[in-house]
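Structural description and commentary
For reference, the chains in residue letters:
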Amino acid sequence: MGRILWAFALVVGLTSVFLGYRVNERGGRLLSLRTAFDNQPLSPNHAEALAALTNDVAAKWKVSFGLIDARRGFPVVLSPAKPTDGESPSFPIETLSTLLAEEAELIQNLIFKFGAVLLRGFPIKTPQEFEHIAGLIEPNLDDKYLGTSPRLLVPNTSHVFSASEFPGPVVIPVHCEMSFTHAPPPTIIFYAFRAPDSGKGGETPLSDFQAVWGDLPNSVRSVFESNDVLNVRSYFSEENLNINPLMTKSWQMMFETKNRTEALAAATANGFNASFNWHGSIVLENHSPSFRTHPRSGQPVWHNHLQVFYPDSIAAEYSITAVRTNSLFAGLMCVLADLMVAVNTFFHGLESIGQYAMLGNRSHVPQEVMDVVRATMWKHTVLYPYQTGDVVAIDNMRVAHGRQLYSGPRTVYVTWGGK
């Protein structure tokens with residue numbers, strides 16, 4: 001018996017070492033471009049361009065403008081100016097509302113030029129106040145949601161939703177909101193109603209997908225220049241017990257109906273080919289562009305959900321988090337995510353993993369190509385801890401967002417819109 005236990009312990013130990021090596025090698029490889037970029041000399045051009053646009057407004061309203069990440073040039077952070085007497089700044093929400101109304105053109109210009117604007121240090125204390133502020137930034141808010149994350153409308157609001165109902169340990173890869181649809185919302189706005197108590201984890205990473213497209217090697221970019229993306233998504237039925245954690249949402253929640261005929265009609269109206277499978281789940285297929293031309297700049301932007309729907313997307317994201325934060329938990333989640341996808345795919349096919357994507361000609365994107373895309377995304381990604389009351393308005397036609405894992409209380413709301 002003793003020898004059996006020793007042999008078992010040896011196998012477990014060697015397997016752990018091997019898996020740990022795999023996780024670290026994978027995460028390190030995907031972060032390699034980011035590490036190299038961070039070691040390059042800092043260019044001051046972003047800060048100089050911001051100052052030229054905002055100095056007069058800053059003096060007029062007694063606010064300050066800066067950059068969270070000067071190397072990557074975004075997001076712009078707008079805060080109350082610090083009083084010269086050392087006291088805490090006082091900036092009533094009524095004054096902020098007036099500023100946003102009178103300087104609407106500047107705020108829109110900053111979102112366009114820099115990709116995102118973060119309001120920090122203002123007394124935005126409720127979802128209703130957030131909805132008011134968001135409406136000043138983007139007057140055409142929407143409540144139509146066709147995405148994959150489960151979301152709930154916040155009571156006593158018309159356009160404010162929970163950012164995601166996924167539990168804290170779940171990571172969400174960076175993506176432009178609803179980029180797989182024919183008309184993604186131009187703007188998305190997040191609000192940190194309660195930041196994590198520790199100040200760590202739960203970040204909303206922002207990635208400049210315009211820079212990503214321009215930075216991809218020609219050999220990788222050519223794969224997507226000649227192909228669109230085929231998205232396949234499955235949503236379970238609330239009539240049946242769902243024990244598959246890879247199936248994220250019911251079709252009843254997606255289409256806000258319990259009637260199959262109505263759900264099929266809604267799917268068709270939104271450009272999806274829809275059908276129900278034998279166990280009551282709805283399967284949606286649609287083609288979307290690999291890249292889009294930005295409506296204002298005219299520049300090409302990586303604008304699809306391939307990095308989210310690719311079968312190993314969650315495991316890859318956990319490997320990055322494991323290396324970046326030295327997290328054993330993230331490493332274990334990476335192994336578990338790989339295992340769940342492998343088991344589900346082996347027994348039930350790709351449809352069982354909830355969503356997947358391939359090239360429009362139904363050929364699979366090679367793993368090495370996908371790894372280059374992910375590494376380039378992380379090169380152009382900004383991470384910063386939330387502070388309670390933060391509001392960040394994002395150009396969804398250029399800048400992607402995601403979510404890092406966290407533990408403990410955290411409440412983030414979202415709204416979107418634009419024409």
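The structure we're discussing is the one just above.
Residues numbered from 1 in each chain as written. Predicted model: local features only at pLDDT ≥ 70, side-chain atom pairs only at ≥ 80, totals over all residues. Heavy atoms only, no water.

Description of the overall build of the protein chain
This is how it is decided: Put simply, DSSP marks the helices as runs of H or I at least four residues long and the strands as runs of E at least two long, and each gets a number from the N terminus on. For a compact globule the rule gives 2.2 Å times the number of residues to the power 0.38, and the radius of gyration it is set against comes from C-alpha atoms. In what follows, residue pairs with any heavy atoms lying within 4.5 Å of each other are defined as contacts. When charges are counted, Lys and Arg are positive and Asp and Glu negative, with His and the chain ends excluded. For the purpose of locating charges, the reference atoms are NZ of Lys, CZ of Arg, CG of Asp and CD of Glu.
A tally of helices and strands in the protein chain yields 14 helices and 18 strands. For the protein chain, the C-alpha radius of gyration of 22 Å lies close to 22 Å, the compact-globule estimate for 419 residues. Counting only C-alpha atoms, the protein chain reaches 75 × 55 × 45 Å along its principal axes. Within the protein chain, contacts between residues at least 6 apart in sequence are counted, and of these 76% link residues at least 24 apart. Of the side-chain charges in the protein chain, 32 are positive and 37 negative, and the distance between the mean point of each set is 5 Å.

Concerning helix α12 (residues 313-325)
Applied cut-off: To estimate the expected span of a helix, count its residues, drop one, and scale the result by 1.5 Å. Any residue under 20% of the maximum accessible area for its type is buried, any over 50% is exposed, and the rest in between are partly exposed; the area is computed with a 1.4 Å probe on protein chains only.
Over its 13 residues, α12 extends 18 Å from the first C-alpha to the last, a length consistent with the 18 Å expected when each residue adds 1.5 Å. Along α12, the residues that are buried comprise S313, A315, A316, E317, Y318, S319, I320, T321 and A322. Residue N326 follows α12 closely and has a positive phi angle near 55°.

Digging into the pattern of salt bridges
Applicable threshold: Here, a salt bridge means any Lys or Arg side-chain nitrogen found within 4 Å of an Asp or Glu carboxyl oxygen.
One pass over the structure, following the stated rule, counts 18 salt bridges. A salt bridge links R374 to D371, with the shortest nitrogen-to-oxygen separation between them at 3.8 Å. Placement of the pair is R374 and D371 together in helix α14 (residues 367-379), with a separation of three residues, close to one helical turn. Counted as one network, the salt bridges with shared partners bring together E25, R26, R29, D312, D338, D371 and R374.

What about the sheet that holds strand β11 (residues 282-288)?
Our working definition: For two strands to count as paired, DSSP must find a minimum of two bridges between them. Interaxial angles span 0 to 180 degrees and are taken between N-to-C directions of axes, which are lines fitted to C-alpha atoms, for helices over the stretch in contact.
Across the sheet, four strands lie side by side as β10-β11-β9-β14; this open sheet has antiparallel pairing. With one partner strand each, in any of the chains shown, β10 (273-276) and β14 (355-359) form the two edges of the open sheet. Pairs of neighbouring strands in the sheet enclose a mean axial angle of 15°, with direction left out of account. As judged from the four bridges shared by β10 and β11, these two strands associate in the antiparallel manner. Considered in β11, the bridge of F276 is made with I282.

What to know about the sheet that holds strand β6 (residues 172-175)
Strands in a sheet are paired, the pairing made by backbone hydrogen bonds, and the direction either parallel or antiparallel. Across the sheet, four strands lie side by side as β6-β17-β8-β15; this open sheet has antiparallel pairing. Here the strands that pair on one side only, and so sit at the sheet edges, are β6 and β15 (381-382). The pairing of strand β8 (residues 206-208) with β15 spans two bridges and is antiparallel. If you follow L206 over to β15, its bridge partner there is V382.

Section: the side chain of T181
Put simply, the rule is: Whenever a nitrogen or oxygen atom comes within 3.5 Å of another N or O atom, the pair is scored as a polar contact, on the condition that within protein one atom can donate a hydrogen and the other can accept it, and that pairs from neighbouring residues in sequence are kept only if both atoms are in side chains.
With respect to the helices and strands, the residue T181 is situated in the loop between β6 and β7 (187-194). Classification of T181 by relative accessible area gives buried; the value is 6%. Polar contacts involving the side chain of T181 include one to the main-chain carbonyl oxygen of M178, which spans 2.7 Å. In this structure T181 touches L146, F272 and R292, once residues within four positions along its chain are discounted.

Section: helix α10 (residues 260-269)
Put simply, N259 is the residue that caps the front of α10, since its side-chain oxygen is 2.9 Å from the backbone nitrogen of T261. Where α10 ends, the next residue or the one after it, G271, has phi of about 85°, a positive value.

Some words on the side chain of K379
Along the chain, K379 falls in helix α14. Note on K379: relative accessible area 15%, which makes it buried. If we skip the residues at most four places from it in the chain, K379 touches L33, R34, F37, R72 and D215.

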